[in-house]
Amino acid sequence: MNTNNTHINNQISNKINAKFLKPYEPSATEGVIYKKWLDSGFFNPDVCVEKGVYAKDAEKFSIVLPPPNVTGTLHLGHAAMLAIEDIMVRFERMRGKKTLWLPGTDHASIATQSKVEKELMKTEKKSRHDLGQKEFLKRVEKFAQESHDTIVHQVERMGASVDWSREAFTLDAPRNKAVRTAFKRMYDDGLIYRDYRVINWDPKGQTVISDDEVVYQETKALVYIFKYSADFPIAIATTRPETKVGDTAVAVSPNDTRYQKYIGKEYVVEFCDVPLHIKIISDDEVDPEYGTGAVGVTPAHSMIDFEMAKRHNLPVIPVINEYARMTVDTPQLTGKKTKEAREIIVEWLKKENLLEKEEEVDQNISTAERTGCVIEPLPKLQWFIDVDKKFILPKSHITGIKDNESVSLKQLMQTVVQNNQVKILPDRFEKTYFQWIDNLRPWCISRQIWYGHQIPVWYKNGGGNKSPKSPTWVLDTQVGNNIQKEEEKEVFCGVEPPSANWQNEGWEQDPDTLDTWFSSGLWTFSTLGWPEKTDDLKTYHPTDILETAYDIIFFWVARMILMSTYLLGEIPFKYSYFHGLVRDSKGRKMSKSLGNIVDPLEMINKYGADATRMSLIIGAPPGNDTNLSEDKIRAYKKFANKIWNASRFVLSNIQDLNINIKPELVEKDKKILQELNALAQDITIDLENFRLYLAAEKLYHYFWHIFADKIIEESKERLVENNTTNQTDRLSCQWMLCEALKINLKLLHPFMHGWRVLPT
RNA sequence: GGGCGCGUAGCUCAGUUGGUUAGAGUGUCUCGGUGACAUCGAGAAGGUCAGAGGUUCAAAUCCUCUCGCGCCCACCA
């Protein structure tokens, strides 16, 4: 900033009599400095323009803070994120750009709700249903508020120069309006639709989750090869015998000579006292080489089988419910847990001599990200976003896509990265990104969670011509009936309810809430006031950099690109910079169960925020995981102390220097300053190219091993006061030291916020 | 099955587009000094840069293969 030279000069001249504690005490300095900055208002670009810090028409630079979940406290990953972004922001601010770093928090629906549920069960032995929705939500909001306050405090302690006046929350009123607006628009374009299909059900969380929230875990499983009955011609294999009571077909490969003769035939068998009607079908999906070359088709409890059933018009018979218990109507199975049912059926198979083989295989079992519970695929009516459906994009700022062009969301997501409008750093993650899009299926966005944005859709009995897609191929099963009922209802989707008096007119709002990533996807522009046409939106969007951990590239980064290109016709950010995961000193993931979580606040208290920041920057190129040890943080506390003491030395040796009159410099000093300016150039280039880790390391090395070890050491002789023989040299040396220190501190400022101004 | 990354000093890791004796922190050893700094200074030991082959005047860096480790994605019952 243009004020800084005067500022430092004043500090220097005022310093003489000031207390200059030794050793350096970060806790005594950092808080004071941050407070000064907060009070100055310089974190707010409007204030900066007002005070003339930079011109009204200065180039802008904007970053939105990835909003931390209000599920508790920040961890070292957040600290790394704050450090990196603060460096970027302070660097650009110093270069005179109109800089905005917009903070906020995320309601993280399912994560927050399950956290509170867990706590409730632990302390009061109650479920959320025991409390009721209203009371439960009160508890969640209270918890969220407390977490928010903790997080804000931690962000401040890190020294993050965010503009608090613009703080946002993914579940506050303006963001809710944005969510409803986005939903409505997608609904009208036919991109959001309601469909009946097999989804990922989390029996513990009692909600559906998206494909991305499924975590695969390698386990050993038993595969059973058996026949439904003694006179059934084909043996099939399964790892889940309990689902077989829901089978409606056996599928074989169309070219499989072994089974040709059976295709099209139908069998009625009694399987573990359950009557089954099995049709033999042929489908390309079946691999004749694998297993017995024949697949038992369970349309209700397998996504592949469900699709197969669709193609062959097979009945869908659900036999497992939301609590992972059997619903099939036979005394020995009804109400049993799936695991128990499996044992019963295997026993029955053995008894009937139908089990041909049993072998152990490696299997990827799907579990829910948040609860860890094994996923139960169930057929359900849910809301989805269609990523393949074409729609008209009215206004496009996207290279290669014209106004009013017909495109799909997938195309939009692919185009902006392909044409480099959004650059992904490090670029190897581009491959990951494209691979994800290629495999992308409809995004399930509805959740049976209480905490979140309620779906802006209302239903009314009667009317009913706006019904969702009819699953005509579903037979008259229990679930089929439910669907029929839903279908008879009139559907209204709107930013606002169907009428002011909707409750009394028989309308009911959809009780489901939205996937938390739906609202996160809007973050770059919902925070700037969208759907309102605000100045902020005009000035700061698209943002310049989105900086986050690589593990949310799909959840968040891709969804932001989706939402922004669709709703605004423009990219959400120009660069997507990914940092790695912060692991413990042995390279393990930090987790509660391992007890190796390092609390950033504790490190800040012990070593200072600047030391903590430096330890997270140096040796951490984009995208690489870093192992962090306390030793490393301690090392940078020593560095802070070094800066402090070097500054003390310089200041106490230039007391008789008139800093307003530049003396004639000797060659040696000219050269030193030239070299330092070259370093400044070099570091600027590093920062422009996101090589923060290199810039920080170079600064560290220069300050300690060149400036302190060489330049200051060599200056000691030259500074001797009674060295009257060469006053010119002494004066030159003084000036050089003062100048070099100032430049060093300026260069250090983005990294170590405590060194913006000299301590008083 | 597909993709990505890693293997550099005892330990944890840097090394930007290939270019002088390969660096940092930490640890070890010797010495110094308490008027910037013991959260210190000077110096030392310690690396066939996983292995093999290739490209090049020149390779830790580029290419191929091998070994070891980690991660992500995928509807093989």
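The rules behind these values
Residues numbered from 1 in each chain as written. Chains lettered and ligands numbered in written order. Predicted model: local features only at pLDDT ≥ 70, side-chain atom pairs only at ≥ 80, totals over all residues. Heavy atoms only, no water. Helix = DSSP H or I, 4+ residues; strand = E, 2+ residues; numbered from the N terminus. Buried < 20%, exposed > 50% of the residue type's maximum accessible area, 1.4 Å probe, protein only. Contact = heavy atoms within 4.5 Å. Areas by Shrake-Rupley, 256 points an atom, 1.4 Å probe, with all protein chains shown as cover. Lys, Arg positive; Asp, Glu negative; His and termini not counted. Charge placed at Lys NZ, Arg CZ, Asp CG, Glu CD. Salt bridge = Lys/Arg side-chain N within 4 Å of Asp/Glu carboxyl O. Pairing = 2+ DSSP bridges. Axes fitted to C-alpha atoms, helices over the stretch in contact; angles between N-to-C directions. Phe/Tyr/Trp six-rings, centres within 6.5 Å; stacked < 30°, edge-to-face > 60°. Patch = residues over 30% accessible without salt bridge, like charges linked within 9 Å, V, L, I, M, F, W, Y side chains within 5 Å. Near = heavy atom within 4 Å. Polar contact = N/O pair within 3.5 Å; in protein donor to acceptor, adjacent residues only side chain to side chain. Parallel < 35°, antiparallel > 145°, perpendicular 65-115°, else oblique. Left-handed = near helix turned anticlockwise from the far one by under 90°. Nonpolar A, V, L, I, M, F, W, Y, C, P; charged D, E, K, R; others polar. Core = buried A, V, L, I, M, F, W, Y, C linked by side-chain atoms within 4.5 Å. Disulfide = S-S within 2.5 Å. Expected span 1.5 Å × (residues − 1). pLDDT = per-residue confidence, 0-100.

### Considerations on the overall build of chain A
Line of reasoning, step 1. Scanning chain A from terminus to terminus reveals 23 helices and 27 strands.
Line of reasoning, step 2. When the backbone C-alpha atoms are referred to their principal axes, chain A occupies close to 115 × 60 × 55 Å.
Line of reasoning, step 3. Expressed as a percentage of the 760 residues in chain A, the buried residues total 56%.
Line of reasoning, step 4. Contacts in chain A between residues far apart in sequence, at least 24 positions, make up 77% of those at least 6 positions apart.
Line of reasoning, step 5. Carbon together with sulfur atoms contributes 49% to the accessible area of chain A, which is approximately 33,400 Å² in total.
Line of reasoning, step 6. Here chain A contributes 98 positively and 106 negatively charged side chains, and the mean placements of these two sets differ by 4 Å.

### Considering the pattern of salt bridges
Line of reasoning, step 1. If you walk through the whole model with that rule in mind, you get 51 salt bridges.
Line of reasoning, step 2. Between arginine 613 and aspartate 86 there is a salt bridge whose closest N-O contact spans 2.7 Å. Of this pair, arginine 613 sits in helix 19 (residues 609-617) while aspartate 86 sits in helix 4 (residues 76-94), and the two are 527 residues apart along the sequence.
Line of reasoning, step 3. Exposure remark for aspartate 86: the relative accessible area of 0% places this residue in the buried category.
Line of reasoning, step 4. When the shortest N-O distance is used, the salt bridge between arginine 180 and glutamate 496 registers 3.5 Å. Placement of arginine 180 in helix 8 (residues 173-188) and of glutamate 496 in the loop between strand 21 (490-493) and strand 22 (507-509) is noted, with a sequence separation of 316 residues between them.
Line of reasoning, step 5. With a relative accessible area of 17%, arginine 180 lands in the buried category.
Line of reasoning, step 6. Since its relative accessible area comes to 45%, glutamate 496 is described here as partly exposed.
Line of reasoning, step 7. A network of salt bridges, in which partner residues are shared, links Glu59, Glu92, Arg95, Lys97 and Glu688.

### Overview of the sheet that holds strand 20 (residues 457-460)
Line of reasoning, step 1. The antiparallel open sheet is built from three strands, whose spatial order is 21-20-22. The sheet terminates laterally at strand 21 and strand 22, the two strands that pair on one side only. Adjacent strand axes in the sheet meet at a mean angle of 30°, parallel and antiparallel pairs treated alike.
Line of reasoning, step 2. Sheet topology note: the strand 20/strand 22 ladder contains three bridges and is antiparallel. Its bridge partner lying in strand 22, lysine 460 is registered against tryptophan 507.

### Overview of the sheet that holds strand 14 (residues 376-385)
Line of reasoning, step 1. Spatially, 6-5-14-18 is the arrangement adopted by the four strands of the open sheet, whose pairing is antiparallel. Single-partner strands in this sheet number two, and they are strand 6 (207-209) and strand 18 (443-444).
Line of reasoning, step 2. As paired strands, strand 5 (residues 192-202) and strand 14 are joined by ten bridges and run antiparallel to one another. Considered in strand 14, the bridge of valine 198 is made with proline 379.

### Quick notes on the packing of aromatic side chains
Line of reasoning, step 1. Using the criterion set out here, one finds 35 aromatic pairs in the structure.
Line of reasoning, step 2. Each ring, one from tyrosine 433 and one from phenylalanine 434, has its centre 5.6 Å from the other, and the planes form 70°; the classification is edge-to-face. When sorted by exposure, tyrosine 433 lands in the same class as phenylalanine 434, which is buried.
Line of reasoning, step 3. Plain terms: the ring middles of phenylalanine 703 and phenylalanine 707 are 5.3 Å apart, the flat faces sit at 55° to each other, and that makes the pair tilted. Placement of the pair is phenylalanine 703 and phenylalanine 707 together in helix 22 (residues 692-718), with a separation of four residues, close to one helical turn.

### Regarding a positive patch on the surface
Line of reasoning, step 1. Side chains of Lys115, Lys118, Lys122, Lys204 and Lys592 sit close together on the surface and give a patch of like positive charge.
Line of reasoning, step 2. Of note, lysine 118 is situated in helix 5 (residues 109-124).

### Points about the environment of alanine 558
Line of reasoning, step 1. Here alanine 558 shows up in helix 17 (residues 553-568).
Line of reasoning, step 2. For alanine 558, a relative accessible area of 0% gives the class buried.

### Here we look at the protein's contact with RNA strand B
Line of reasoning, step 1. Residues in close proximity to RNA strand B total 46 residues, the closest being Asp287, Ile304, Asn627, Lys638 and Trp704.
Line of reasoning, step 2. Atoms of RNA strand B within 4 Å of the protein: sugar and phosphate make up 62%, bases the balance.
Line of reasoning, step 3. Measuring from a phosphate oxygen of RNA strand B, one finds a side-chain N or O atom of tyrosine 693 at 3.4 Å.
Line of reasoning, step 4. Among the secondary structure elements, those contributing two or more residues to the surface near RNA strand B are helix 12 (428-438), helix 20 (630-653) and helix 22.
Line of reasoning, step 5. Per element, the largest residue contribution to the surface near RNA strand B is twelve residues, and it comes from helix 22.

### Focus on the packing of helix 22 against helix 23 (residues 727-748)
Line of reasoning, step 1. At a closest axis distance of 11 Å, the pairing of helix 22 and helix 23 adopts a crossing angle of 165°. On the basis of their axis angle, the class for helix 22 and helix 23 is roughly antiparallel. Helix 23 is crossed by helix 22, and the crossing has left-handed handedness. Residues Leu699, Tyr702, Phe703, Phe707, Ile711, Ile712, Ser715 and Arg718 of helix 22 form the contact with helix 23, whose participating residues are Asp729, Arg730, Ser732, Cys733, Met736, Leu737, Ala740, Leu741, Asn744, Leu747 and Leu748.
Line of reasoning, step 2. Its residues assigned to classes, the contact of helix 22 with helix 23 comprises 13 nonpolar, three polar and three charged.

### Some points on unusual backbone geometry
Trans is the common state for peptide bonds, and a negative phi is the common state for residues other than glycine.
Line of reasoning, step 1. The omega torsion across tryptophan 530 and proline 531 is 10°, close enough to zero to call that bond cis.
Line of reasoning, step 2. A cis amide bond, omega -5°, links histidine 541 with the succeeding residue proline 542.
Line of reasoning, step 3. With phi around 70°, aspartate 273 is a residue other than glycine that occupies positive phi space.
Line of reasoning, step 4. The topology assignment puts aspartate 273 in the loop between strand 10 (266-271) and strand 11 (274-282).
Line of reasoning, step 5. Judged by relative accessible area, aspartate 273 falls into the partly exposed class, the value being 44%.

### Focus on the nonpolar core
One recurring pattern in soluble globular proteins is that nonpolar side chains are buried together.
Line of reasoning, step 1. Ranked by size, the top nonpolar core spans 95 residues in total, and within it Leu82, Phe639, Phe707, Leu737 and Phe751 carry the most contacts.
Line of reasoning, step 2. In contact with phenylalanine 707, not counting residues within four places along its chain, are Val650, Tyr702, Ile712, Leu737, Ala740, Leu741 and Asn744.
Line of reasoning, step 3. Listed in part, the 66 residues of the second largest apolar core include Phe391, Leu393, Tyr433 and Ile553.

### So, the state of the cysteines
Line of reasoning, step 1. Overall, the coordinates contain zero disulfides when judged by the stated rule.
Line of reasoning, step 2. Cysteine 733 supplies the cysteine sulfur nearest to cysteine 738, a cysteine that is in no disulfide, at a spacing of 11 Å.

### A closer look at helix 23
Line of reasoning, step 1. For helix 23, with 22 residues, the first-to-last C-alpha span of 31 Å sits near the 32 Å given by 1.5 Å per residue.
Line of reasoning, step 2. Burial within helix 23 is extensive, with 17 of its 22 residues counted as buried.

### Quick look at the pairing of strand 20
Line of reasoning, step 1. Sheet analysis places strand 20 next to strand 21, joined by four bridges and oriented antiparallel. Counterpart to tryptophan 458 in the pairing with strand 21 is phenylalanine 492.

### Considerations on helix 2 (residues 26-40)
Line of reasoning, step 1. Across its 15 residues, helix 2 extends 21 Å between first and last C-alpha, which sits within 8% of the 21 Å expected from 1.5 Å per residue.
Line of reasoning, step 2. Buried residues along helix 2 sit against helix 3 (45-50), helix 7 (133-157), helix 18 (600-607), helix 19 and helix 20.
Line of reasoning, step 3. Just downstream of helix 2 lies glycine 41, where phi reads positive at about 80°.

### As for the confidence of the model for chain A
Line of reasoning, step 1. Residues at a pLDDT of 70 or more form 92% of chain A, whose mean pLDDT is 89.
Line of reasoning, step 2. A low-confidence stretch, residues 1-19 stays under pLDDT 50, and its non-local contacts, those more than four residues away or across chains, total 33 contacts.
Line of reasoning, step 3. Scored below 50 in pLDDT, residues 464-482 makes 31 contacts in the model with residues more than four places away or belonging to other chains.
Line of reasoning, step 4. The complex prediction reports pTM at 0.93, with the ipTM value standing at 0.93.

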